[in-house]
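Breakdown of the fold
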Amino acid sequence: MAGAPSSSGSLPVIDMSPLFDASRSEARKLVARDIEQACRDTGFFYVSGHGVPDALLARMEELSHRFFALPREAKEEMDMARGGPAWRGWFPLGGELTSGKPDRKEGLYLGTELGPEHPRVKAGWPLHGANLWPEDLPELRGVVLEYIDRVTRAAHALMEGVAESLGLERDYFHRAYTADPTVLFRIFHYPAEPEPVDGEERWGVGEHTDYGLLTLLAQDANGGLQVKSRRGWVEAPPVPGTLVCNIGDMLDRLTGGWYRSTPHRVKNVSGRDRLSFPLFFDPDFAAEVPPLPNMAVDEDRAQRWDGASVHAFSGTYGDYLLGKVSKVFPQLVRRVL
């Protein structure tokens, strides 16, 4: 196949454990150096030492398989339209668009659990609120919320490493953008695909970049993630004990293009159902995201996969995110926002 990806020997594995200990200054400097190299190269790397137990991930895989095996009627009880402005719940195969084309996946949208008493929920802020949980699988709630907590902790630590890699104080991003981060979590199910007919390309998710600061991804053993490196498309297969980390559009914007968000895509060619678990760690919904001080902006429109510069907008991160979401779920936007 033209443009077929090569095997990934180029995505580094970084032990991030020193980032959890402020006293390990020399070890942290080495981690920051490795982060800089990875962000300047592909914008993708694996992290070990992230603090997420293997047993927790295994339990989430088990429960996720059980959720997607539920009758359609049970999943429709959690349809995203029922989540209202909070933008939570289930969508069916083909229900999400990338570059205007339906993805070959179904999924469950989740995020930070906020009750009706929270000020932003009271005010009707989009993407803030309670998750929807399956009545037939009550165990899923506790497992997902624990996973979100642990991965969010890892993301905060990684952003300290990113700050140090840029010569900033380690708490720079926390103070400026992520004291109250936008945390969105997805459980995606890519069904086993038949052999393509007449060379038809069937993408689980087409080429795209992520919107925010960092994405931390757990994937099952079936693979399928592909990354557009400078050397062409490469596979990012599962590596036991690691999460995949990639930088998003807002870190690209903050650094003026010094760190680029990298296009990636998914095709399930394993012959088995595939699960993936991306957590998107993003700026506060209300934060504006200008380039960092003393960062020259490298205009990127011509180089971007979608021809849209991450530097060419004004407003808050929430404004940016809602503009992107409206293209992914256009019908749902009209109904709930």
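Within every chain, residues take consecutive numbers counted from 1 along the sequence as written. This being a predicted model, a pLDDT of at least 70 is required before a residue's local features are given, and a value of 80 or more before pairs of side-chain atoms are given or counted; all residues contribute to the totals for chains, interfaces and linings. With hydrogens and water excluded, all non-hydrogen atoms of the structure serve as input to the side-chain values.

1. Description of the overall build of the chain
The cut-off we apply is this: For helices the rule is a DSSP run of H or I covering at least 4 residues; for strands it is a run of E covering at least 2, with both sets numbered from the N terminus onward. Exposure classes here rest on a 1.4 Å probe applied to the protein chains alone. A residue is buried below 20% of its type maximum, exposed above 50%, and partly exposed in between. Contacts are assigned to residue pairs that have any heavy atoms within 4.5 Å of one another. Per-residue accessibility takes into account occlusion by the displayed protein chains alone, with areas from the Shrake-Rupley method and a 1.4 Å probe.
The number of helices and strands found in the chain is nine helices and 14 strands. Out of the 337 residues in the chain, the part that is buried amounts to 54%. Partitioning the contacts of the chain with sequence separation of at least 6, the portion at a separation of at least 24 is 77%. Put simply, the chain shows about 14600 Å² of open surface, and 51% of that area lies on carbon and sulfur atoms.

2. Overview of the nonpolar core
Where we set the bar: Buried Ala, Val, Leu, Ile, Met, Phe, Trp, Tyr and Cys residues that are joined via side-chain atoms within 4.5 Å together make up what is termed a nonpolar core.
Counting 92 residues, the largest nonpolar core has Tyr-147, Leu-158, Phe-173 and Phe-185 as the members making the most contacts within it. In terms of residue count, helix H5 (residues 139–165) provides more of this core than any other element does, 14 residues in total. Once residues lying within four places of it in the same chain are set aside, the contact partners of Phe-185 are Met-60, Leu-108, Tyr-109, Leu-110, Gly-111, Val-144, Tyr-147, Ile-148, Phe-277, Pro-278 and Leu-279.

3. Regarding the environment of Val-234
Within the secondary structure, Val-234 sits in strand S11 (residues 232–235). For Val-234, a relative accessible area of 3% translates into the label buried. A C-alpha to C-alpha distance of 8.9 Å links Val-234 and Leu-11, two positions 223 residues apart in sequence.

4. What about the environment of Trp-258?
Topologically, Trp-258 is positioned in the loop between helix H7 (249–254) and strand S13 (264–266). Judged by its relative accessible area of 38%, Trp-258 is partly exposed. With residues up to four places along the chain from it excluded, the contact list for Trp-258 reads Glu-36, Arg-40, Leu-166 and Met-295.

5. Some points on the packing of aromatic side chains
For the record, the criterion: Ring pairs shown here join Phe, Tyr and Trp side chains whose ring centres sit within 6.5 Å, with only the six-membered ring taken for Trp; geometry is labelled stacked below 30 degrees between planes, edge-to-face above 60, and tilted in between. For a Lys NZ or an Arg CZ to count as sitting over a ring, it must be within 6 Å of the ring centre and within 35 degrees of the ring normal.
The full count for this structure, using the stated rule, is nine aromatic pairs. Ring geometry for Tyr-147 against Phe-185: centres 5.4 Å apart, planes inclined by 40 degrees, an arrangement best described as tilted. One end of the pair, Tyr-147, is in helix H5; the other, Phe-185, is in strand S7 (residues 182–190), and 38 residues separate them in sequence. Phe-185 gets classed as buried once you look at its relative accessible area, which sits at 0%. Each ring, one from Phe-173 and one from Tyr-177, has its centre 6.4 Å from the other, and the planes form 35 degrees; the classification is tilted. Of this pair, Phe-173 and Tyr-177 both sit in helix H6 (residues 172–178), four residues apart, roughly one helical turn. Looking at Phe-173, the relative accessible area reads 1%, which means it is buried. Residue Tyr-177 is classed as buried on the basis of its relative accessible area, which comes to 8%. Within the aromatic cluster, the residues linked to one another by ring pairs are Phe-91, Tyr-109, Phe-188 and Tyr-190. The positively charged end of Lys-105 is found above the aromatic ring belonging to Phe-188, 4.6 Å away from the centroid.

6. Some words on the pairing of S11
Which entries qualify depends on this criterion: When DSSP finds two or more bridges between two strands, those strands count as paired.
Where strand S10 (residues 225–229) and S11 come together, four bridges link them in antiparallel fashion. The residue of S11 that forms the bridge with Gln-226 is Glu-235. Hairpin remark: S10 followed by S11, antiparallel, with two residues in the connecting loop.

7. Things to note about the sheet that holds strand S14 (residues 274–282)
Stated formally: Only the stretch in contact is used when fitting a helix axis, every axis being a line fitted to C-alpha atoms; angles between N-to-C directions are given from 0 to 180 degrees.
The strand order S1-S2-S12-S9-S14-S7-S6-S3 describes an open sheet built from eight strands, whose pairing is mixed. The outermost strands of the open sheet, each flanked by one partner alone, are strand S1 (13–15) and strand S3 (89–91). Adjacent strand axes in the sheet meet at a mean angle of 25 degrees when their direction is disregarded. Bridging between S3 and strand S6 (residues 106–111) involves three bridges; their strand directions are antiparallel. Considered in S6, the bridge of Trp-90 is made with Leu-108.

8. Some details on the packing of helix H1 (residues 25–41) against H5
For clarity, the threshold we go by: Geometric relationships in this document are graded by angle, where less than 35 degrees denotes roughly parallel, more than 145 denotes roughly antiparallel, 65 to 115 denotes roughly perpendicular, and other angles denote oblique. Put simply, Ala, Val, Leu, Ile, Met, Phe, Trp, Tyr, Cys and Pro go in the nonpolar bin, Asp, Glu, Lys and Arg in the charged bin, and everything else, Gly too, in the polar bin.
Viewed as axis vectors pointing N to C, H1 and H5 meet at an angle of 80 degrees, and their least axial separation amounts to 8 Å. Taken together, the axes of H1 and H5 lie roughly perpendicular to each other. Residues Arg-28, Ala-32, Ile-35 and Glu-36 of H1 touch H5, and the partners they reach there are Leu-158, Glu-160, Gly-161, Val-162, Glu-164 and Ser-165. In terms of residue class, the contact of H1 with H5 is made up of four nonpolar, two polar and four charged.

9. As for the packing of helix H2 (residues 54–68) against H5
Threshold: Each helix crossing is assigned a hand: it is left-handed if the near helix lies turned anticlockwise from the far helix by less than a right angle, otherwise right-handed if that turn is clockwise.
The N-to-C vectors of H2 and H5 enclose an angle of 135 degrees; their axes lie 10 Å apart at closest approach. Here H2 is positioned oblique relative to H5, judged by the angle of their axes. In this structure, H2 meets H5 at a crossing whose hand is left-handed. Residues Leu-56, Leu-57, Arg-59, Met-60, Leu-63 and Arg-66 of H2 touch H5, and the partners they reach there are Glu-139, Leu-140, Val-143, Val-144, Glu-146, Tyr-147 and Arg-150.

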